[in-house]
Amino acid sequence: MTGRRGLGARWVRRRPLRTRLALAASAAVAVVAIGICAAAFLILRHQMTRQLELNLAQTATQVTHQTRGWGPTAGDTSCRYQAVPCVQIVPSDPARDPRERYELPVADATRKVADGRHEPYYSKLTVAGQPVRMFTTRLPGRDEALQVALRSDTVETGVQRAAWALSAVGGAGVLLAAVLGYWVSRTGLAPVARLTATAERIAATRDARHRIELPRGASAHEDEITRLATTFNTMLGELEQSVTAQRRLVADASHELRTPLTALRTNAELLARADRLTDAQRDRASSALARQLREVTTLVNDLIELARDEEPQPLVEQVRPAALLEHAVGAAREHWPEIVFTARIDPAAAGTTVPGVPSRLARLLSNLLDNAAKFSPPGGPVDTELTLTAGQLDLTIRDHGPGIADTDLPHVFDRFYRAKAARALPGSGLGLAMARQIARAHGAELSAEQAPGGGALFRMRLPVGVA
Ligand SMILES: Nc1ncnc2c1ncn2[C@@H]1O[C@H](COP(=O)(O)OP(=O)(O)OP(=O)(O)O)[C@@H](O)[C@H]1O
Ligand SMILES: [Mg+2]
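Residues numbered from 1 in each chain as written. Chains lettered and ligands numbered in written order. Predicted model: local features only at pLDDT ≥ 70, side-chain atom pairs only at ≥ 80, totals over all residues.

## What to know about the sheet that holds strand 1 (residues 86–91)
Next up, step 1: Taking strand neighbours across the sheet as the criterion, the 4 strands line up as 1-4-3-2 in an open arrangement whose pairing is antiparallel. Each edge of the open sheet is held by one strand with a lone partner, namely strand 1 and strand 2 (121–127). For this sheet, the mean angle separating the axes of adjacent strands, direction not counted, is 25 degrees.
Next up, step 2: Where strand 1 meets strand 4 (residues 144–151), 6 bridges bridge the pair, whose relative direction is antiparallel. Residue pairing across strands places Gln 88 opposite Gln 147, the latter belonging to strand 4. (Pairing = 2+ DSSP bridges. Helix = DSSP H or I, 4+ residues; strand = E, 2+ residues; numbered from the N terminus. Axes fitted to C-alpha atoms, helices over the stretch in contact; angles between N-to-C directions.)

Okay, structure coming up:
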């Protein structure tokens, strides 16, 4: 039995959700329909029997009033006619029985009722092949029992008919429940089916451009499924964006690597025929080769850093941006001795700490300072400033170079983007992309603007008080 039930449960679990929902909804409605019909049947049967018993009791009372002078009778009317009660009087003492045979069966209980040792009672029996209901009560003041019987076949046929009618209604209810269950599951799960189809299509084609169709005019706050579909679409949008970004990065990287690699190959081929070169030519080729190798190495390292999207959690610690800035400016002074770097640190900001990865933040600063120095006129000052205002650190790096044209401003943080004017200078256009990525990973916003009075100004806003 348990095994069979287990099998059934497994069978249901293996069905698609739509079938299971249809089954559950139909079963619920069917149980209610059957329950109502069964209750109606029981109430009806009880009421009909009760009515018959009331009739019997009434007849018994009437007969009691009319039979003051009667002795024991073997039966007034035989139970052959419908709606006509048959009556007989039975003494407690069998010696006083009438001579004729009793029409209705006389039992021990009947005698006991006659002498008051038993409560009046109803019974169900068959007399002359007919179903009969009988009431046995005591005649007041006499040692006799009164038995009143009525044919109960009308009641039984009524009950039977009611049973048939209610079964039909119940059956129709079950059928209707099945149809309703199927309909409910179909309409209720239609969005889920669409969701599944889209997910399967994406899995098969590996194309994240597909979207789930939402009902027209659906807002994001409608039902759970619509919300799920909207979230799924948002997720797909993000996935598509990230896949596109990755593809672009790979395409850009391969494109950017092609030029230095070609130059590398040319120089390597040249060096392979070193015997045909003069010493000066050989030296030039080998130093060019070394420089190009360095460039490619930097480019590849930068790409690897860019491809890594998040700061590794174990390396996060409390860092003091003021100290980092001082250190970065010190390093820049060594690297660009002809540039005058100034660092103004607001005393309020000097002791502030933020959670971050020191090496990455240092990388961000050095990228910005490198740019400022690279684009400054010889000897041009580069001014850095760190202030604390309204719960955030404000770091600015400003130079007095050509500045960034309005048309370039929206693109300078893109990977590999270099303004036309900058293409003569060394660089691959990855520095600012990396700087912004590091800033975002630290919850900061990095922006570029034209400095008043010429030059470029980079600003980083870093919220404090998170730690
Ligand atoms: N301080 C600046 N003044 C003027 N233009 C700038 C300045 N900083 C950046 N730019 C512009 O933004 C572009 C992108 O800068 P980014 O640092 O990303 O690349 P890069 O310096 O050319 O190369 P890399 O940093 O990878 O060596 C530069 O090529 C330049 O056109
Ligand atoms: Mg740069």
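Once the structure has been displayed, the description carries forward.
## Comments concerning the sheet that holds strand 10 (residues 445–450)
Next up, step 1: With mixed pairing, the 5 strands of this open sheet are ordered in space as 6-8-9-11-10. Looking at the sheet topology across the chains shown, the edges are occupied by strand 6 (340–345) and strand 10. With direction set aside, neighbouring strand axes in the sheet form an average angle of 15 degrees.
Next up, step 2: In the sheet, strand 8 (residues 381–389) pairs with strand 9 (residues 392–398) via 7 bridges, with the strands oriented antiparallel. Residue pairing across strands places Glu 385 opposite Thr 396, the latter belonging to strand 9.
Next up, step 3: In the packing of helix 7 (residues 321–335) onto the sheet, contacts are made with strand 6, strand 8, strand 9 and strand 11 (456–463), and the angle to strand 6 comes to roughly 170 degrees. (Contact = placed C-beta atoms within 7 Å.)

## Section: the packing of helix 2 (residues 17–66) against helix 4 (residues 153–205)
Next up, step 1: In contact at an axis separation of 7 Å, helix 2 and helix 4 are set at 160 degrees when each is read in the N-to-C sense. Viewed along their axes, helix 2 and helix 4 adopt a mutual orientation that is roughly antiparallel. Two packed elements cross with a definite hand, and for helix 2 against helix 4 that hand is right-handed.
Next up, step 2: Of the residues contributing to the contact of helix 2 with helix 4, the split by class is 28 nonpolar, 8 polar and 3 charged. (Parallel < 35°, antiparallel > 145°, perpendicular 65-115°, else oblique. Left-handed = near helix turned anticlockwise from the far one by under 90°. Nonpolar A, V, L, I, M, F, W, Y, C, P; charged D, E, K, R; others polar.)

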